Amino acid sequence: MPASKAELALLEEIDRKLAQHSLIDFSKYMAPRWYKPVRHHEFVAGYLEQVARYIETGGKEGIGRLMIFEPPRYGKSVQVSQFFPAWLLGKMPDCRIILASYGAELAEEDSLIVRNYVTSREYAAVFGRNSTVELPVELSEERASRGNWRLSEPHRGGVKAAGVGGGIVGFGAHLLNINDPFKGRKEAKSESYRRDVMTWYRSEAYTRLEEGGAVIITHTRWDPDDLAGQELQKMVSDDPDADQWTVVMLPEIALNEEEYPQTEEQFKENLARGIYIPMHGDQLGRKPGEVLWSEKYPLVSVKKKHANVLDYEAAAQFQQMPRLEHGELFTDSDFEIVERAPEGLQWYAYIDLALGKTETSDFNAVAPVGMDADGDLYIRDLRKERKLETFLKNLATWMLSDDEIGTIWGFEEHGFQSLVVKDFLKDVRLARVALGGVKLPWSDKVEGARPWAIRARNGKVKLVRGPWNRSFIRTASGFPDVKHDDEIDTVSGGNHMIAQGGVGLRKPVVSAPIVVSAEELFV
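Moving on: the packing of helix α3 (residues 39–56) against helix α4 (residues 76–91). Two elements in contact, α3 and α4, have axes separated by 11 Å at closest approach and are oriented at 45°. By the angle between their directions, the pair α3 and α4 is classed as oblique. Seen along the crossing, α3 lies across α4 with a hand that is right-handed. On α4, the residues that touch His41, Val44, Ala45, Leu48, Glu49, Val51, Ala52 and Ile55 of α3 are Gln79, Val80, Phe84, Trp87 and Leu88.

The next thing to look at is the packing of aromatic side chains. Per the counting criterion, the structure on display carries 21 aromatic pairs. When the ring of Phe182 is compared with that of Tyr193, the centres are 5.8 Å apart and the planes differ by 55°; the resulting orientation is tilted. On the criterion of sequence distance, the pair formed by Phe182 in the loop between β6 (173–179) and α7 (185–188) and Tyr193 in helix α8 (residues 191–205) is long-range, its members being 11 residues apart. Residue class for Phe182 comes out buried when judged on its relative accessible area of 2%. Residue Tyr193 is classed as partly exposed on the basis of its relative accessible area, which comes to 24%.

Moving on: a nonpolar patch on the surface. Taken together, Leu8, Leu10, Leu11, Ile14 and Leu18 make up a surface patch of nonpolar side chains, about 450 Å² in accessible area. Here Leu10 shows up in helix α1 (residues 5–21).

Taking strand neighbours across the sheet as the criterion, the 8 strands line up as β3-β4-β5-β2-β6-β7-β1-β8 in an open arrangement whose pairing is mixed. Unpaired on one side and paired on the other, β3 (139–145) and β8 (246–249) mark the two borders of the sheet. The sheet shows a mean angle of 15° between the axes of neighbouring strands, direction not considered. The sheet contact formed by strand β2 (residues 96–101) and β6 spans 5 bridges and is parallel. Bridge assignment links Ile98 to a residue of β6, and that residue is Leu176. Contacts from α4 reach β1 (65–69), β2, β4 (148–151), β5 (158–163), β6 and β7 (209–219) within the one sheet, and its direction differs from that of β6 by about 165°. Contacting β2, β5, β6 and β7, α8 runs over the sheet at an angle of about 170° to β6.

Further remarks concern the packing of helix α2 (residues 23–30) against α4. Here α2 crosses α4 at 95°, and the two axes come no closer than 10 Å. What the angle tells us is that α2 and α4 run roughly perpendicular. On the side of α2, the interface is formed by Leu23, Ile24, Phe26, Ser27 and Met30, while α4 contributes Gln79, Phe83, Phe84, Ala86 and Trp87. Of the residues belonging to the contact of α2 with α4, the class tally is 8 nonpolar, 2 polar and no charged.

Turning our eyes to something else, we now look at the environment of Asp226. Relative to the assigned elements, Asp226 resides in the loop between β7 and α9 (227–235). On a C-alpha basis, the gap between Asp226 and Arg194 in space is 6.3 Å, while along the polypeptide they are 32 residues apart. A polar contact is formed between the side chain of Asp226 and the side chain of Arg221, at a distance of 3.0 Å.

Core analysis: the biggest nonpolar cluster contains 55 residues, and Phe26 and Phe84 have the highest contact counts within it. Those residues in contact with Phe84 that sit more than four places away from it in its chain are Leu23, Leu48, Val51, Ala52, Gln79, Leu175 and Ile216. Counting residues in each nonpolar core, the second largest holds 37 residues, with Met67, Phe69, Val215 and Val247 among its members.

To continue, consider the side chain of Arg194. By the element assignment, Arg194 lies in helix α8. No salt bridge is formed by the buried Arg194, whose closest oppositely charged neighbour, Asp223, lies at an N-O distance of 4.5 Å. Within the structure, Arg194 has its side chain in polar contact with the backbone oxygen of Ala188 (distance 3.0 Å). Setting aside residues no more than four positions away along its own chain, Arg194 makes contact with Phe182, Glu187, Ala188, Lys189, Asp223, Asp225, Asp226, Gln230 and Arg474.

The rules we used
Residues numbered from 1 in each chain as written. Predicted model: local features only at pLDDT ≥ 70, side-chain atom pairs only at ≥ 80, totals over all residues. Heavy atoms only, no water. Axes fitted to C-alpha atoms, helices over the stretch in contact; angles between N-to-C directions. Helix = DSSP H or I, 4+ residues; strand = E, 2+ residues; numbered from the N terminus. Parallel < 35°, antiparallel > 145°, perpendicular 65-115°, else oblique. Left-handed = near helix turned anticlockwise from the far one by under 90°. Contact = heavy atoms within 4.5 Å. Phe/Tyr/Trp six-rings, centres within 6.5 Å; stacked < 30°, edge-to-face > 60°. Buried < 20%, exposed > 50% of the residue type's maximum accessible area, 1.4 Å probe, protein only. Patch = residues over 30% accessible without salt bridge, like charges linked within 9 Å, V, L, I, M, F, W, Y side chains within 5 Å. Areas by Shrake-Rupley, 256 points an atom, 1.4 Å probe, with all protein chains shown as cover. Salt bridge = Lys/Arg side-chain N within 4 Å of Asp/Glu carboxyl O. Pairing = 2+ DSSP bridges. Nonpolar A, V, L, I, M, F, W, Y, C, P; charged D, E, K, R; others polar. Polar contact = N/O pair within 3.5 Å; in protein donor to acceptor, adjacent residues only side chain to side chain. Core = buried A, V, L, I, M, F, W, Y, C linked by side-chain atoms within 4.5 Å. Lys, Arg positive; Asp, Glu negative; His and termini not counted.

Structural measurements only, silent on function.
Here's what the structure looks like:
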């Protein structure tokens, strides 16, 4: 028996009430023909509602910093950058929202869709003139451009769209909503572009937040050092005021049990690498190997897709676990970061000097290395500097520090480096420093790195934790196709010095080090 008009009216009233209080119900009400949310949409909606709670309470309750990692084409932009802003404005019409993306055009497209929702018949029934709200939420006719619009008085809310790097001065925000700050891998792998994104985020976008304002970053992961990755790394930095993010991490295929961190230490180590993996298994409760949206993307089609893209693309875009492109010798998983090296190792430091004087020149670099009796190679305290004069000044200080007592230093024996070292040793303070020339048996940098690259592939290269770790891993992973390979060269030279001098605990080396004083050299 068909429902009566009274029953239909009651059902409509119920749907409107639900839409006012539930993001999922609002989304279905706004787009009943095509929006069919599934489990992961409902899961994400719960987190977004907590962001709304944070803004509503001025930061006293809810979630103020939220990252959402989903594969492409899984509905994250529609949910986070279109439905959610429209719903938030209905609930809090004084809320001001910045919608940002890698390009102004995409951000303006999201802004236009939100604006169209606000002017729709459905929205009028939930929050507008045909609703039960005391002050209807409607678009201002005076400020209604697609990328910068306001609600009509007495409300003060509105939306500002911006591309990453674009100006947003003069617009404070209760919600900073960043949707895919990188267009693709080309931008994400560019050091200068990543730096521009971080500068924009920290100096322009973040400073637009009102007190009690929230930030959402919706990210297809491309690189461990993308915007999300750098913010994850800050979570485990020494900065007590660094933002602590709530993260929704939804890989396309649920991970195997052994891929989830088993300890807090493993969890934090992932964060330090720019990767978030939850501690207690899949956040949706999926079993290993279960796909995220089986109704649309069944397992057989997902596996075929993964098989036909590069491994690191599948790991990043689909599994939310970005890794660096592999070079010829190293991968980013070859290196273990440890808190400290064993006591008493004999340390060798090969000084890799460069001729450059400009901002694009190679670096001068040095990193002490040591090997224990088990053949594990330890690398610590890598230092590099473009300006030779500055590097040499600092090098003298490092050599004379208490931490480097007993370290054996080396430089390549050829004209340029020999002349530099000869002048360097005029500093009489260096009389007690063991410094000698090193004859490198290779002419190709790859051949020089290959011996310790084999150790790295077998888990036998350890990096002592320090701020240089990320740069070193990135350089090694791209080697030899990287712009600057000085960090690799200094380790290759140090490893060769170990081979010539012996390993294990500090002891006399096979070939005695050359101890040179300025007085002896220049009499």
